[in-house]
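# Residue-level structure breakdown
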Amino acid sequence: MMKLWWNRFVDFFLWISVCLMLSTGFILRYRLPPGGRGGRGLETWGWDRHEWGDLHTWIAYTVCGLVVLHLILHWNWLMRTAWPKVKWPVVTGLILGVLLSLSAWFLPVERTDDSGGRGEGRGERRSELPSR
C-alpha cells in the first residue's frame, strides 16, 4: 500500500513539474524573447528572462530527479517486462542517455570579443573609452 502511495505521489509531481517546465519554456520563448529580438527590459510578474530561465532550469532538475525516482519505483516491472524482451535497446538507451547528459560538462567554453556594441550581463552597456 505504501508503494502505491509513493507511485501516485511521484507521478503526480512529475506531471506537475513537466507542465511547469513547459509553461516556463513558453514564457521564455514567446513572452520574453531574447534582447536582440525586442525583448530587452521585458518582465512577467516582476521576473525578467534570466530569473524565468533560472526557474526553468531548477524545474528541469526536479523533473530529472523525479524520473529517476519513478524508474526506481518501477524497477521490478522493468526487469520483469522490458529487460527479458529488449536487452540491447534498454542498455543502449541508458548508455546514450547518460552520455548525452554528461556531454555538457565536456563542451569547450570560449570567451568572445563583443565588438558589436551590445551590452553585457543584464542589459548593462560596456563603458567605452573616448578615442584620442
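Residue numbering note: each chain is counted from 1, following its sequence as written. Residues qualify for local features only when their pLDDT is at least 70, as the model is predicted, and side-chain atom pairs are given and counted only at 80 or more; totals for whole chains, interfaces and linings, by contrast, use all residues. The basis for every side-chain value is the complete set of non-hydrogen atoms in the structure, without hydrogens or water.

### Looking at the overall build of the protein chain
When helices and strands are counted, the protein chain shows four helices and zero strands. Mapped in sequence order, the helices and strands of the protein chain form the string α-α-α-α. Only protein chains enter the accessibility calculation, which uses a 1.4 Å probe; a residue whose area is less than 20% of its type maximum is buried, one above 50% is exposed, and one in between is partly exposed. Counting every position in the protein chain, which comprises 132 residues, the buried fraction comes to 14%. Whether two residues are in contact is decided by their heavy atoms: any pair within 4.5 Å suffices. A separation of at least 24 residues holds for 57% of the contacts in the protein chain among residues at least 6 apart in sequence. Working definition of accessibility: Shrake-Rupley area with a 1.4 Å probe, residue cover restricted to the visible protein chains. With an accessible surface of roughly 11,400 Å², the protein chain has 65% of that area assigned to carbon and sulfur atoms. Secondary structure follows DSSP: runs of H or I at least 4 residues long count as helices, runs of E at least 2 residues long count as strands, and numbering of each begins at the N terminus.

### Focus: the nonpolar core
Note on terminology: a nonpolar core comprises buried Ala, Val, Leu, Ile, Met, Phe, Trp, Tyr and Cys residues joined through side-chain atoms within 4.5 Å. Of all hydrophobic cores here, the largest spans six residues; its members are Val-10, Leu-14, Ile-59, Val-63, Leu-66 and Leu-73. Going through the elements one at a time, helix H1 (2-31) and helix H2 (49-73) are the ones with two or more residues in this core. Here the element with the most residues in this core is H2; it accounts for four residues.

### Details of the side chain of Ser-17
Here Ser-17 lies in helix H1. Here a polar contact is taken to be a pair of N or O atoms separated by no more than 3.5 Å, where protein atoms must pair a possible hydrogen donor with a possible acceptor and residues adjacent in sequence count only if both atoms sit in side chains. A polar atom in the side chain of Ser-17 sits 2.7 Å from the backbone oxygen of Phe-13. Here Ser-17 is in contact with Ile-59, Thr-62, Val-63 and Leu-66, once residues within four sequence places are set aside.

### Regarding the packing of aromatic side chains
Pairing of aromatic rings covers Phe, Tyr and Trp, the last counted by its six-membered ring, and requires centre-to-centre distances within 6.5 Å; plane angles under 30 degrees mean stacked, over 60 mean edge-to-face, and any other angle means tilted. Counted by the stated rule, this structure contains nine aromatic pairs. Arranged with centres 5.2 Å apart and planes meeting at 55°, the rings of Trp-47 and Trp-52 form a pair that is tilted. A residue is classified by how much of its surface remains accessible, and Trp-52, at 6% relative accessible area, is buried. Of the aromatic side chains, those joined through ring pairs into one cluster are Trp-5, Trp-6, Phe-9, Phe-12 and Phe-13.

### Some details on the confidence of the model for the protein chain
pLDDT: the predictor's confidence for each residue, scored from 0 to 100. Per-residue confidence for the protein chain gives a mean pLDDT of 82, with 83% of residues at or over 70. Looking over the protein chain, one finds the lowest element-wise mean pLDDT in helix H3 (residues 75-85), namely 81, and the highest in H2, namely 93.

### As for unusual backbone geometry
Positioned with a positive phi, Trp-45 is a non-glycine residue whose angle comes to about 55°. Following the sequence through the fold, Trp-45 ends up in the loop between H1 and H2.

### What about a nonpolar patch on the surface?
Patch members must show over 30% relative accessible area and no salt bridge, and they are joined within 9 Å when carrying like charges or within 5 Å when they are nonpolar side chains of Val, Leu, Ile, Met, Phe, Trp or Tyr. The salt bridge definition used is simple: a Lys or Arg side-chain nitrogen within 4 Å of an Asp or Glu carboxyl oxygen. A surface patch of nonpolar side chains, amounting to about 950 Å² of accessible area, comprises Met-2, Trp-5, Trp-6, Phe-9, Phe-12, Phe-13, Trp-15, Ile-16 and Leu-20. With respect to the helices and strands, Met-2 occurs in helix H1.

### What about the packing of H1 against H2?
For helices, the axis comes from a line fit to the C-alpha atoms of the stretch in contact; other axes are also lines fit to C-alpha atoms, and the angle between any two N-to-C directions lies between 0 and 180 degrees. Orientation of H1 relative to H2, taken along the N-to-C sense of each, is 155°, at an axis distance of 9 Å. With respect to H2, the element H1 is oriented roughly antiparallel. Crossing of H1 over H2 shows left-handed handedness. When its residues are assigned to classes, the contact of H1 with H2 shows 18 nonpolar, eight polar and three charged. An angle counts as roughly parallel when it lies under 35 degrees, as roughly antiparallel when it exceeds 145, as roughly perpendicular when it falls between 65 and 115, and as oblique in every other case. Should the near helix be turned counterclockwise from the far one by less than a right angle, the crossing is left-handed, whereas a clockwise turn marks it as right-handed. Side-chain classes are defined by residue name, with Ala, Val, Leu, Ile, Met, Phe, Trp, Tyr, Cys and Pro counting as nonpolar, Asp, Glu, Lys and Arg as charged, and the others, Gly among them, as polar.

### What about H2?
Across its 25 residues, H2 extends 36 Å between first and last C-alpha, which sits within 8% of the 36 Å expected from 1.5 Å per residue. All buried positions along H2 are accounted for by Trp-52, Gly-53, Ile-59, Val-63, Leu-66 and Leu-73. Where H2 is buried, its residues contact H1 and H3. By this rule, a helix spans an expected 1.5 Å times one less than how many residues it contains.

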